[in-house]
Amino acid sequence: MSLQENTREQWGSKLGFILAAAGSAIGLGNIWKFPYVVGDNGGAAFILVYLICTAVIGIPVLMAEILIGRTTQRNPVGAFRQLSGSKFWSAVGGMGVVAGFVILSYYAVVAGWAVGYIYEAASGKFFEFGEPSNAGHHFNSLIEDVWWIVGYFSFFMILTMGVVFSGVQKGIERGSKIMMPILFVLLIILMVRGLTLPGAGEGIAFLLTPDWSHISGQSILIALGQAFFTLSMGMGAMLTYGSYMSKKDSIPIASIQIVILDTSIALMAGVAIFAAVFATGLLPNAGPGLIFHTLPVVFTKMPGGFLFSIIFFILLSIAALTSSISLLEVITAYFVDEKGWKRHKAVIVFGILTFILGIPSALSFNILADVKIFSLTFFDFADFIAANILLPLGGFFIAIFVAKVWGFDKAISELKHGTGKLFNKNPWLLTAWKIFIRYFAPVSIFFVLLHSTGILDMIFKALSK
Ligand code: TRP
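Residues numbered from 1 in each chain as written. Predicted model: local features only at pLDDT ≥ 70, side-chain atom pairs only at ≥ 80, totals over all residues. Heavy atoms only, no water.

Asks: Honestly, unusual backbone geometry in this entry has me stumped. Any pointers?
Replies: Keep in mind that most residues, glycine aside, have a negative phi and that most peptide bonds are trans. Even without glycine at this site, Ser-232 takes up a positive phi of about 55°. Its location among the elements puts Ser-232 in the loop between helix H11 (217–230) and helix H12 (237–242). The class of Ser-232 is buried, set by a relative accessible area of 12%. Positive phi, normally seen in glycine, also occurs at Ser-375, with a value near 60°. Mapped onto the elements, Ser-375 comes out in the loop between helix H16 (343–363) and helix H17 (378–406). (Helix = DSSP H or I, 4+ residues; strand = E, 2+ residues; numbered from the N terminus. Buried < 20%, exposed > 50% of the residue type's maximum accessible area, 1.4 Å probe, protein only.)

This is the structure we're talking about:
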């Protein structure tokens, strides 16, 4: 074991860890999902609820997850086993590894669309559309093409495998250090472009003027679910990244930095997209198709749109790649730590297996469109199981684990490493963390779970009868 400990990789620097973790957090969830969820749920009021969820549930649970990883220097399964010695908790870690496998399998399909759209943008196709419905038709015809969808999916998987193959420092950390600054710069360019369009103010007003009539129990739960997904929480990705962290670094500070980076990128993407959508007179509530149906047309109506459309899809692809590598890293770390596999073997075997698992998801938009599991296509089913069930369940268990199994005494003495005088000067921070982990997080996640499994809906219906 000591041999394994000595040879286990670590991040080269604190900044490397922050950028890699922020890279995991910032992904399709920020640039594709966040804007359309905000658009569908009425804008500013939803954003406020989302911000509260990230601060109150996101930060404490993220800290707990990173802490479990750093303390044990293990993958999710090994980490829970080491701290509890119980089979049940090892299985909770195992559930995370499985969730990572499932999420990656369909996430990489959508990421492939982003890569494919770099080509569509560069070939000038968008200028033939004229209106979103035409762009929508074009998009549908692309995803109905098995070769197109599977081709870009496999291309994206190869990119992901390439980065993870090269290791924690040489692959993930170096990749994040190159890609994250590019991502920031591209997003700032797009935001400035959006904001300087005549009529952009309306989009900003949409993001800033709360309309509380849109807020319901449902939208609060959607906000919380989004907070989980966007922070890569609940399946051990942050745990695994935390396991390469040094005890000299502060977990609370790192967590807050990651959350601030993730949130500001989501907001910036929202500003860039809504400024442009409103300025070109289109509608914000196009749902998941916002980026592939509405935006291509938006680009054709703005000066410089050709260039900006290429930039946008490059940005989206980079964001997806820094996230997908964190998903593959969880599976890799498990096989390296627990089964003694070589990293290269784990990456190749599980990269290929993820690709195979993802094929039915890719075919959900064409040949398998009519094959339904619980009335969902394979793609929607995978997304539902992973994002709506496994992640909240994982987050729930992480909170319960720290509060009840591991215990706050031990957890806090670990948490203190690297924090200097922070907690001596502000003891209330620890009290707050305990309250959030013990009560707020498990209770609110419990409601998210009831909601996503439809149980809450049934209760509401029964009560209103
Ligand atoms: N957070 C990423 C996004 O916003 C997706 C992601 C990467 C993820 N790793 C994860 C989500 C682990 C949940 C768990 O797109």
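Asks: When you look at the site of the ligand in this model, what are you seeing that I'm missing?
Replies: Residues in contact with the ligand amount to 16 residues; listed here are only the nearest, Ala-25, Gly-29, Tyr-107, Phe-229 and Ser-232. At 2.9 Å from a nitrogen atom of the ligand is found a main-chain nitrogen or oxygen belonging to Phe-229. For the ligand, whose accessible area on its own is 360 Å², the fraction buried by protein is 100%. Of all elements in the fold, only helix H2 (14–25), helix H3 (28–40), H11 and helix H15 (305–339) reach the threshold of two or more residues within the shell around the ligand. Along the lines of polarity and charge, the residues of the shell around the ligand split into eight nonpolar, eight polar and no charged. (Near = heavy atom within 4 Å. Polar contact = N/O pair within 3.5 Å; in protein donor to acceptor, adjacent residues only side chain to side chain. Areas by Shrake-Rupley, 256 points an atom, 1.4 Å probe, with all protein chains shown as cover. Nonpolar A, V, L, I, M, F, W, Y, C, P; charged D, E, K, R; others polar.)

Asks: It is not clear to me how a nonpolar patch on the surface should be interpreted in this structure. Could you clarify?
Replies: Taken together, the side chains of Ile-348, Ile-352, Leu-353 and Ile-356 make up a nonpolar region of the molecular surface, amounting to roughly 330 Å² of accessible area. With respect to the helices and strands, Leu-353 occurs in helix H16. Leu-353 gets classed as partly exposed once you look at its relative accessible area, which sits at 37%. (Patch = residues over 30% accessible without salt bridge, like charges linked within 9 Å, V, L, I, M, F, W, Y side chains within 5 Å. Salt bridge = Lys/Arg side-chain N within 4 Å of Asp/Glu carboxyl O.)

Asks: Would you mind going over the packing of aromatic side chains with me for this structure?
Replies: To describe a pair of aromatic rings, you give the distance between the ring centres and the angle between the ring planes. One pass over the full model with this rule turns up 43 aromatic pairs. Seen in terms of ring centroids, Trp-11 and Phe-17 are 6.0 Å apart; in terms of plane orientation they differ by 50°. Their pairing is tilted. Both residues of the pair, Trp-11 and Phe-17, belong to the buried class. Ring geometry for Tyr-334 against Phe-335: centres 4.9 Å apart, planes inclined by 85°, an arrangement best described as edge-to-face. Residue classification places Tyr-334 among the buried positions, given a relative accessible area of 17%. Using a relative accessible area of 13% as the deciding quantity, one classes Phe-335 as buried. The side chain of Lys-33 reaches across the aromatic face of Phe-229, ending 4.9 Å from its centre. Sitting over the face of the ring of Trp-341, Lys-345 holds its NZ or CZ atom 4.1 Å from the ring centroid. (Phe/Tyr/Trp six-rings, centres within 6.5 Å; stacked < 30°, edge-to-face > 60°. Lys NZ or Arg CZ within 6 Å of the ring centre and 35° of its normal.)

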